[in-house]
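Observations on the three-dimensional arrangement
If you want the building blocks of each chain, they are given just below.
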Amino acid sequence: MKKILIVNDDGIFAAGIQILARKLHIEGYDLLVVAPDRERSASGHSMTMDRPLHIKRIENNLLADGFTAYSCDGTPTDCVIMGIDVLGFTPDIVISGINCGPNLGDDITYSGTACAAMEGLVYGYPAMALSLVCSSRDAEKYYETAADAAAAILGWLSSNPMQEGIFYNVNVPNLPLQEIKGVHLTCKGKRRYHDKITAVKTPFGDTAYWVGGTIEDDLDPGSDVWAVKHANISITPVHLEMTCFDAFKADKATAMEKTVFETLTDCETKS
């Protein structure tokens, strides 16, 4: 795996993507970086279809030292599309990150970071979403630990190809490398938000609503939230197949199909 498309949802100016790109450039990988021109966190798997998109070559050596980088005025998913379809880059793997903040449990459905990796998977390429479990308010952010983790995973994948149809959702505790206790393959955990809506008054006297809330994790052993809570790097293999095959194969499935169709036929006859 030598050619890597790097994207994120924190923007081209974010520390995480710059540290990751420099690390992998030093490791000898051929990189193309395409990132939003501003923060696009929690954008999910959205793509821009109501206006034209623009990309701009980054000439600043502080942002693109030894590799090619572009900013895009769209979403993280758009960045993957621009890199592959517009710039003609054929990656061996798509890496999204390093995100400032966790992408654990059900948050991967909201995450622009994780969903950019999903877009790489849609194109048929192996992909990895990489997040540092930190807060924007943390005094220290150990992006180097997450970059080292990415390089180590890539080293493993060079002789152990990723299973087709999955991407790795990787969460790295915000710790110096020497304080990381291990690496765990995990399942998606459960993360809930309490008091999700806070009502606020605008300067004009109207009511507006702030979405957020207090996080509560189910610390089930073997889950991603459990792993990072115990200072381990979490690697969760994720696939896009959402079919519930138990229901699909159940005996009552045929009965459901027959009953619903008969009901529709009756409706057509009555009309």
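Everything discussed here concerns the structure shown above.
On a predicted model such as this, the values are computed, not experimentally measured, just so you know. (Residues numbered from 1 in each chain as written. Predicted model: local features only at pLDDT ≥ 70, side-chain atom pairs only at ≥ 80, totals over all residues. Heavy atoms only, no water.)

Looking now at the sheet that holds strand S6 (residues 127–133). An order of S3-S4-S2-S1-S5-S6-S7-S13-S8 is seen for the nine strands of this open sheet, with the pairing classed as mixed. Either end of the sheet is taken by a strand with one partner, and the two such strands are strand S3 (55–57) and strand S8 (182–185). Each strand axis lies, on average, 20° off the axis of its neighbour in the sheet, ignoring direction. Two strands pair when backbone bridges link them, and S8 and strand S13 (residues 232–239) are joined in this way by four bridges, in the parallel orientation. Considered in S13, the bridge of Leu-185 is made with Ile-235. (Pairing = 2+ DSSP bridges. Helix = DSSP H or I, 4+ residues; strand = E, 2+ residues; numbered from the N terminus. Axes fitted to C-alpha atoms, helices over the stretch in contact; angles between N-to-C directions.)

Let us now look at the nonpolar core. Ranked by internal contacts, the top residues of the largest apolar core, which has 41 residues, are Ile-4, Ile-6, Leu-24, Tyr-168 and Val-170. If you list the elements that add at least two residues to this core, you get strand S1 (3–7), helix H1 (15–26), strand S2 (30–36), strand S5 (93–100), S6, helix H4 (143–157), strand S7 (166–173) and S13. Broken down by element, the residue count for this core peaks at nine residues, all from H4. Setting aside residues up to four positions removed in sequence, Ile-4 forms contacts with Leu-24, Tyr-29, Asp-30, Leu-31, Leu-32, Phe-89, Ile-93, Ile-95 and Leu-154. (Core = buried A, V, L, I, M, F, W, Y, C linked by side-chain atoms within 4.5 Å. Buried < 20%, exposed > 50% of the residue type's maximum accessible area, 1.4 Å probe, protein only. Contact = heavy atoms within 4.5 Å.)

Between H1 and H4, the shortest axis-to-axis distance is 9 Å and the interhelical angle comes to 45°. Relative to H4, the element H1 is oriented oblique. Relative to H4, the crossing made by H1 is right-handed. Packed against H1, whose contacting residues are Ala-15, Gly-16, Ile-19, Leu-20, Lys-23 and Leu-24, the element H4 presents Tyr-143, Glu-144, Ala-147, Asp-148, Ala-150, Ala-151 and Leu-154 at the interface. Grouping the amino acids of the contact of H1 with H4 by side-chain chemistry returns nine nonpolar, one polar and three charged. (Parallel < 35°, antiparallel > 145°, perpendicular 65-115°, else oblique. Left-handed = near helix turned anticlockwise from the far one by under 90°. Nonpolar A, V, L, I, M, F, W, Y, C, P; charged D, E, K, R; others polar.)

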